[in-house]
Amino acid sequence: MQTRDPITNLINALTKLPGIGERTASRLAFFILNQPDELAENLASALIEVKQQVGYCTQCCNLTKDERCMICQAPKRNQNMICIVESTPDLRAIERTGEFHGTYHVLHGLISPLEGVGPDDLRIRELITRLGQSKIEELIVATSPSVNGEATALYLQKLVKPFEIKITRIASGIPIGGDLEYIDRVTLSRALSQRRELN
Amino acid sequence: MLIEGLRIRDFRNIEKAFIEPHHRFNVFWGLNGQGKTNILEAIYLLSAVKSFRPQTNNDLIRFHSLNAQLEAKVDRGGSERIVRLEIHSKGKAVFLNDQKVKNLRDFFGSINVVMFGPEDVRLLKGGPSARRKFIDRAIFNAFPGFAFVSQQYEEVLKQRNALLKKEAKIDPILLSTYNDQFVEFGSEIVFRRLTFLETFIPTLQSTFEDIFDASFTAHMEYSSQWLGEAKTQKDIADHLDRALENSVAEERSRRFTVVGPHRDDLSTQLNGKSLKAFGSQGQHRGFVLAMKIAEIKYLKERYHFSPILLLDDVSSELDRSRNQFLFEFIRHEMDGQVFITTTHRDYILLDEDLRYWEIDGGQIKPD
Ligand SMILES: Nc1ncnc2c1ncn2[C@@H]1O[C@H](COP(=O)(O)OP(=O)(O)OP(=O)(O)O)[C@@H](O)[C@H]1O
Ligand SMILES: [Mg+2]
Ligand SMILES: [Zn+2]
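Right, let's walk through the structure included here.

Looking at the interface of chain B and chain A
Then step 1. Across the boundary between the two partners, chain B contributes 22 residues, which contact 19 residues of chain A.
Then step 2. At the boundary of chain B and chain A, one finds 1 salt bridge.
Then step 3. Here A:Lys158 makes a salt bridge to B:Asp180, at a shortest N to O gap of 2.8 Å.
Then step 4. Summed over the shared surface of chain B and chain A, the number is 9 residue pairs in polar contact (both at pLDDT 80 or more).
Then step 5. If you list the elements that add at least two residues to the side of chain B that touches chain A, you get α5 (146-166) and α6 (172-211) of chain B.

Encoded structure:
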């Protein structure tokens, strides 16, 4: 809602951001107001630029300002291996490990009928098109081990079955450096049931 | 399991109290409406976070106070813990050794209690949800990981119901996804329930015979429309899967999940006749008492610990010989800590290992 008072408008706009309440919003608004014009100008143009220029990668639905994202364009990445993630921050987390050399597919959400999110609301159709177009060797489903993350993984598994592509799920279990005594029982029992043979 | 210290602040009608309970018997006595049940409720809340009586957070906070604070020093076979519960009108916060507990499932099991009070006859007379709650709570007392399974089940059930409700034409792959999850968690719940009942029912029967006499045979059965004779988790899963298949048409028209552990029940009989339909008041009470005692024995046998027993005004509801039995049992057949409330001290058939408190207008006075 727009009012006639610009400060109120700014505060209202800021409270729409996640994690920002009325008080923080008004602190930010007055901070911006008291800074040199440059700050407000940079902020405004960065906001508009990001909305105008950044869109979905035509291959993997990662955020990018080009037609294809940097990862899809990198010549060394294994194009036959796709890691499916819920969101761009999740993609970035996996990228930071430096361990994964394939490409990604970003779903932009998880299935949740309760919140009105069905498969059609996610970038699943794009994934299926992609499977039809190129020879994919392995799909790694890296959604979180929550009910929705598991449901999405299971749904994908059923959906791609006709393609006869190897599909794997990331392991969930005990964090490195974790002290067994302090790990919750669920994580521990899951880790036990997914144990692997040594040698 | 032992409460060594209990601190109460601005809870119900208790402004401020600190007690150091006896490791065996603790009796709170006083007139009606003085705060006896409130003390048991405080202990119960420190274990279960939710109360045994229907209430809002505001009901628990002393009139005109901001929040209520409950704290217990608990000894669990040598290791000590401080459990603290803060009750605000907007919610509750739990602390273990001063660390805020983020996920309640890491907390449950810190204090185990079994409660028996006048409201408990509703367990047998009322609807099935109270009986499911009894059995699930008993399992979870012994096996805290069960809380996770039932949480997940509830969540899957909600998603599945939302799918059935919203979509006119349901994506068959999506439905089969939720069916798989539903069967996975649902079959585990039922498997745990059956496993529990296997040892629980014989204990219940022998306890009931002790309370009344050998001419009475108590029986309890898991009652479910879809389970058949399934015993293993695999069989249970197969049955549940088939039950979903068979209820497709009904689900289509009613638009929610019509079968599963969330609709199952426990049936109770006395000498082969439905207790609910034919049992007397006293037989109902005796049966519930036998269930609670069997639960304690079960925990003791399987897991080698005694839960804390809370007895709210029980004696006034039992006849002389049933009351005698109860005290015989807590004296000789269990070694855990017991908290008892009463209006009459002569109901209490105990003479040693005992501490009395008088409750008067929310004040707890040692005596
Ligand atoms: N939030 C509250 N603030 C202040 N007083 C409260 C609050 N909630 C309940 N009470 C008071 O607590 C008293 C009831 O306490 P309680 O149920 O423990 O009684 P009791 O000693 O068990 O009695 P009885 O023998 O009748 O079962 C009532 O007087 C009630 O008004
Ligand atoms: Mg009472
Ligand atoms: Zn890309």
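Right, picking up where we left off after that structure.
Comments concerning the sheet that holds strand β13 (residues 338-342) of chain B
Residue and element names in this part refer to chain B.
Then step 1. On the basis of which strands lie adjacent, the open sheet formed by 6 strands has the order β8-β12-β13-β3-β14-β15 and mixed pairing. Strands with a single pairing partner mark the edges of an open sheet, and in this sheet they are β8 (113-116) and β15 (363-366). The sheet shows a mean angle of 20° between the axes of neighbouring strands, taken without regard to direction.
Then step 2. Relative to the sheet, helix α10 (residues 281-303) contacts β8 and β12 (308-312), its axis offset from that of β8 by approximately 170°.

Comments concerning the site of ligand 1
Residue and element names in this part refer to chain B.
Then step 1. Around ligand 1 sit 16 residues, and of these Gly-33, Lys-36, Thr-37, Asn-38 and Ile-61 come closest.
Then step 2. One of the backbone nitrogen or oxygen atoms of Arg-12 is found 3.0 Å away from a nitrogen atom of ligand 1.
Then step 3. Here an oxygen atom of ligand 1 and a backbone polar atom of Gln-34 are 3.1 Å apart.
Then step 4. Here ligand 1, which alone exposes 660 Å², has 73% of that area covered by the protein.
Then step 5. Looking at side-chain class alone, the shell around ligand 1 contains 3 nonpolar, 8 polar and 5 charged residues.

Notes on helix α11 (residues 320-333) of chain B
Then step 1. Look at α11(B): 19 Å from first C-alpha to last across 14 residues, which is about the 20 Å you get at 1.5 Å a residue.
Then step 2. Summarising the contacts, the buried residues of α11(B) are in contact with β3 (25-29), α6, α10, β12 and β13 of chain B.

Quick notes on helix α7 (residues 233-246) of chain B
Residue and element names in this part refer to chain B.
Then step 1. Across its 14 residues, α7 extends 20 Å between first and last C-alpha, which sits within 8% of the 20 Å expected from 1.5 Å per residue.
Then step 2. The set of residues buried in α7 consists of Ile-236, Ala-237, Leu-240, Ala-243 and Leu-244. Around the axis of α7, the buried residues are gathered within 125° of arc, so they sit on the same side. Facing away from the buried surface of α7 by more than 90 degrees, the exposed residues are Lys-234, Glu-245 and Asn-246.
Then step 3. Against α5, α6 and α8 (248-254) lie the buried residues of α7.

Reading the values: rules and limits
- Residues numbered from 1 in each chain as written.
- Chains lettered and ligands numbered in written order.
- Predicted model: local features only at pLDDT ≥ 70, side-chain atom pairs only at ≥ 80, totals over all residues.
- Heavy atoms only, no water.
- Contact = heavy atoms within 4.5 Å.
- Salt bridge = Lys/Arg side-chain N within 4 Å of Asp/Glu carboxyl O.
- Polar contact = N/O pair within 3.5 Å; in protein donor to acceptor, adjacent residues only side chain to side chain.
- Helix = DSSP H or I, 4+ residues; strand = E, 2+ residues; numbered from the N terminus.
- Pairing = 2+ DSSP bridges.
- Axes fitted to C-alpha atoms, helices over the stretch in contact; angles between N-to-C directions.
- Near = heavy atom within 4 Å.
- Areas by Shrake-Rupley, 256 points an atom, 1.4 Å probe, with all protein chains shown as cover.
- Nonpolar A, V, L, I, M, F, W, Y, C, P; charged D, E, K, R; others polar.
- Expected span 1.5 Å × (residues − 1).
- Buried < 20%, exposed > 50% of the residue type's maximum accessible area, 1.4 Å probe, protein only.
- Arc of directions from axis to C-beta.

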